[in-house]
Amino acid sequence: MIYCAVCQRRMQGQYNHGAAYYRCRFPQEYALANEVEHPRNVYLREDALT
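To start, this report covers the structure provided alongside it. (Residues numbered from 1 in each chain as written. Predicted model: local features only at pLDDT ≥ 70, side-chain atom pairs only at ≥ 80, totals over all residues. Heavy atoms only, no water.)

**A few points about the packing of aromatic side chains**
Next up, step 1: The full count for this structure, using the stated rule, is 1 aromatic pair.
Next up, step 2: The interplanar angle of 90 degrees and the centroid separation of 6.2 Å between the aromatic rings of Y21 and Y43 together place this pair among those described as edge-to-face. Placement of the pair is Y21 in strand β2 (residues 19-24) and Y43 in strand β3 (residues 42-45), with a sequence separation of 22 residues. (Phe/Tyr/Trp six-rings, centres within 6.5 Å; stacked < 30°, edge-to-face > 60°. Helix = DSSP H or I, 4+ residues; strand = E, 2+ residues; numbered from the N terminus.)

Here it is, written out as structure tokens:
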């Protein structure tokens, strides 16, 4: 339901230190091959959305 603003791919849900996060792990090789500037990992806390 949450999409990355950089690559428009769906973000994955995960828990870290008891808090819910969404992350985008855009493969570095794919980003380089398609000339997309994308950080290795993008994290977004769920409570920042709600």
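**Quick look at the sheet that holds β2**
Strand-to-strand pairing in sheets goes through backbone hydrogen bonds, with the strands running parallel or antiparallel.
Next up, step 1: Spatial ordering of the open sheet is given by β1-β2-β3, a layout of 3 strands whose pairing is antiparallel. Bordering the open sheet on either side are β1 (12-16) and β3, each of which pairs with just one other strand. This sheet shows a mean twist of 35 degrees between the axes of neighbouring strands, independent of strand direction.
Next up, step 2: Of the pairings in the sheet, the one linking β1 to β2 comprises 5 bridges and is antiparallel in character. When the bridges of β2 are listed, G13 appears paired with Y22. (Pairing = 2+ DSSP bridges. Axes fitted to C-alpha atoms, helices over the stretch in contact; angles between N-to-C directions.)

In short, geometric facts, not functional conclusions.
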